[in-house]
Amino acid sequence: MSIKRIARHLVQHHWRAQQIFPPAVLARIEQAIRQGETTHSGQVRFVVEGALDGAPLFRNQPARARALDVFSHLRVWDTAHNNGVLIYLLLADRDVEIVADRGIHAKVGAEGWERICRAMEAEFAAGQFERGVIGGIEAVSRELSRHFPPQGPQSNELPDAPVVM
């Protein structure tokens, strides 16, 4: 367990997510998700967590493990075509993780998701958080539309609103 990581999480805490993602930005992210979902039959969720606290922090939980917990908790895996995708941002670690259900993951693979994560992280490093998130949503939607095009009437299985933890 790194003292430096604990200090970063304790200092940066949740206010940072609210500062970077005010309501107007969250509304534009929600609109990007809604727009993207018109092009495919998948489901996209975006979650930003300012910092870990409590047990996850002191267990030194990596961002990937936390993203898997959030994926399960938000039931992103529970879609009709196994094509739910979570984009998870842990601000204190400056880490983006994409967790995809088995249907879409089998088609895109870890390398495909990793490319999207790195592009988003490059935008974040330049201070372009909104552009990075929306670009990531658009890239995920392109993958979903290629492999899971819309079929018949669209049903929105999961909320489009971003989650700030």
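Residues numbered from 1 in each chain as written. Predicted model: local features only at pLDDT ≥ 70, side-chain atom pairs only at ≥ 80, totals over all residues. Heavy atoms only, no water.

Here we take up the pairing of strand β1 (residues 43–49). Burial analysis of β1 places 7 of its 7 residues in the buried class, which makes it a mostly covered element. Neither face of β1 is exposed, since Gln43, Arg45, Val47 and Glu49 on one face and Val44, Phe46 and Val48 on the opposite face are all buried. (Buried < 20%, exposed > 50% of the residue type's maximum accessible area, 1.4 Å probe, protein only. Helix = DSSP H or I, 4+ residues; strand = E, 2+ residues; numbered from the N terminus.)

Turning our eyes to something else, we now look at the nonpolar core. If you look at the biggest cluster of nonpolar residues, it comprises 33 residues, and the most contacted ones within it are Phe21, Ile29, Phe46, Ile87, Trp113 and Val140. Elements that contribute at least two residues to this core include exactly α2 (15–20), α3 (23–36), β1, β2 (84–90), β3 (95–100), α6 (102–125) and α7 (129–147). If we ignore the near neighbours within four places in the chain, the residues touching Trp113 are Val85, Ile98, Ala100, Ile104, His105, Val108 and Val140. Grouped together as the second largest cluster of nonpolar side chains are 13 residues, Ala63, Phe71, Leu86 and Val99 included. (Core = buried A, V, L, I, M, F, W, Y, C linked by side-chain atoms within 4.5 Å. Contact = heavy atoms within 4.5 Å.)

Let's shift gears to the sheet that holds β3. Taken in spatial order, the 4 strands line up as β3-β2-β1-β4 in an open sheet, and their pairing is mixed. Only two strands of the sheet have a single neighbouring strand rather than two, namely β3 and β4 (163–164). As paired elements, β1 and β4 share 2 bridges and run parallel to each other. Bridged to Val48 within β4 is Val164. Helix α5 (residues 63–73) rests against β1, β2 and β3 of the sheet, and its axis sits at about 45 degrees to β3. (Pairing = 2+ DSSP bridges. Axes fitted to C-alpha atoms, helices over the stretch in contact; angles between N-to-C directions.)

Right, let's talk about the side chain of Glu49 for a bit. Inspection of the secondary structure assignment puts Glu49 in strand β1. The exposure class assigned to Glu49 is buried, which follows from its relative accessible area of 3%. A polar contact of 2.9 Å, which involves the side chain of Glu49, links it to the side chain of Arg66. Of note is the side chain of Glu49, whose polar atom sits 2.6 Å from the side chain of Tyr88. Residues in contact with Glu49, not counting those within four places in the same chain, are Arg66, Tyr88, Leu89, Leu90, Leu91 and Met165. (Polar contact = N/O pair within 3.5 Å; in protein donor to acceptor, adjacent residues only side chain to side chain.)

Turning our eyes to something else, we now look at unusual backbone geometry. For Arg75, which is not glycine, the phi torsion reads 60 degrees and is therefore positive. Residue placement: Arg75 occurs in the loop between α5 and β2. Using a relative accessible area of 42% as the deciding quantity, one classes Arg75 as partly exposed. Positive phi outside glycine occurs at Asn82, with the angle close to 55 degrees. Here Asn82 falls in the partly exposed class, since its relative accessible area comes to 21%.

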